[in-house]
Amino acid sequence: RIIYEATWNEFCDWGLELAKIRLNDASHSDAEREATWWALVEALDTYLRLLHPVMPFLTEQLWQALPHRATDPDLLIVARWPGVGERDEAAEAAVGALGELVRAVRNARAEAKLEVGAWLPLDVYVEPDLGPALETLRPGLERLAHVRPLRRHLSREDLHGTAGAGGGLAVIAGSVEAIVGTGISDPGAAEADRVRLEKELGDAERLLEAAQARLANEAFVSKAPPAIVAGARASEAELADQVERLRERLGR
């Protein structure tokens, strides 16, 4: 299940889509586009090795179509198992946070029954440490969320004061806040947006309660690996922040 989700949800749904946008961007040099191709090859090679024991024939066929190192064997079945390489956890977290933003924008648009193909403006606030990733991935975020222009604000107050004055759909995704401009300011649309935020708050509160109960369990805190406990604490803090900002948005 983990391999399936990584292949489908991360590589295909995000990696390939972001790579296509980058490869079609003429502002990038040939060297940058070539590096993108090789990153895709390396990732697919790894996924095929991991999937081979449960999908031997299909993965073998696909692996034959990839370029290989001189040290690789002729057949995937006897190729080395992937090793554990270095991870850029900061980059992973940044891409994950921006991915959550795209999902939240898509969800808000769908629940408001907005035209799927319409390009809508998006005003967004991100924490300063997420700013560089936002600028790097800006073309991809605009395409995947179908928003244009994407305007970045340097404070939440500026976001709420400038973008919020004209109405729109409020989006809260982790530490990121945004407003999707719809051009619709009637009371019915505003009430529907409030109902959506109320639902999101209820979901976040339930997740927060579960996270707090887990951390209150002495057996979990004392016996689980330190990295797992640290991850649970970070998740609890993020959920608490999300609940607080949703409550503020709803005037509670």
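Residues numbered from 1 in each chain as written. Predicted model: local features only at pLDDT ≥ 70, side-chain atom pairs only at ≥ 80, totals over all residues. Heavy atoms only, no water.

**A short note on the sheet that holds strand β3 (residues 169–173)**
Now for step 1: Read from one edge to the other, the open sheet built from four strands follows the order β2-β1-β4-β3, with strand pairing classed as mixed. Sheet topology places β2 (147–153) and β3 at the edges, where each strand pairs with a single neighbour. Strand-to-strand, the axes of this sheet are offset by a mean angle of 20°, without reference to chain direction.
Now for step 2: For strand β1 (residues 120–125) and strand β4 (residues 176–180), the ladder comprises four bridges, and the chain directions are antiparallel. Each residue of the ladder has a partner; that of aspartate 123, found in β4, is isoleucine 179.
Now for step 3: Sheet contacts for helix α4 (residues 89–111): β1, β2, β3 and β4; angle to β3, the most-contacted strand, approximately 150°. (Pairing = 2+ DSSP bridges. Helix = DSSP H or I, 4+ residues; strand = E, 2+ residues; numbered from the N terminus. Axes fitted to C-alpha atoms, helices over the stretch in contact; angles between N-to-C directions. Contact = heavy atoms within 4.5 Å.)

**What about a nonpolar patch on the surface?**
Now for step 1: The grouping of Val54, Met55, Leu58 and Leu62 at the surface amounts to a nonpolar patch, some 370 Å² of accessible area in total.
Now for step 2: With respect to the helices and strands, the residue leucine 58 is situated in helix α3 (residues 56–64).
Now for step 3: Its relative accessible area of 48% is what places leucine 58 among the partly exposed residues. (Patch = residues over 30% accessible without salt bridge, like charges linked within 9 Å, V, L, I, M, F, W, Y side chains within 5 Å. Areas by Shrake-Rupley, 256 points an atom, 1.4 Å probe, with all protein chains shown as cover. Salt bridge = Lys/Arg side-chain N within 4 Å of Asp/Glu carboxyl O. Buried < 20%, exposed > 50% of the residue type's maximum accessible area, 1.4 Å probe, protein only.)

**Observations regarding the environment of tryptophan 38**
Now for step 1: Examined against the element boundaries, tryptophan 38 turns out to sit in helix α2 (residues 30–51).
Now for step 2: The exposure class of tryptophan 38 is partly exposed, given its relative accessible area of 46%.
Now for step 3: Between the alpha carbons of tryptophan 38 and proline 67 there is a distance of 9.5 Å; along the sequence they are 29 residues apart.

**Points about α3**
Now for step 1: The set of residues buried in α3 consists of Thr59, Glu60 and Trp63. The buried residues of α3 occupy an angular sector of 105° when the element is viewed end-on, so they sit on one face. Pointing more than 90 degrees away from the buried face of α3 are the exposed residues Phe57 and Gln61.
Now for step 2: Elements that come into contact with the buried residues of α3 comprise α2. (Arc of directions from axis to C-beta.)

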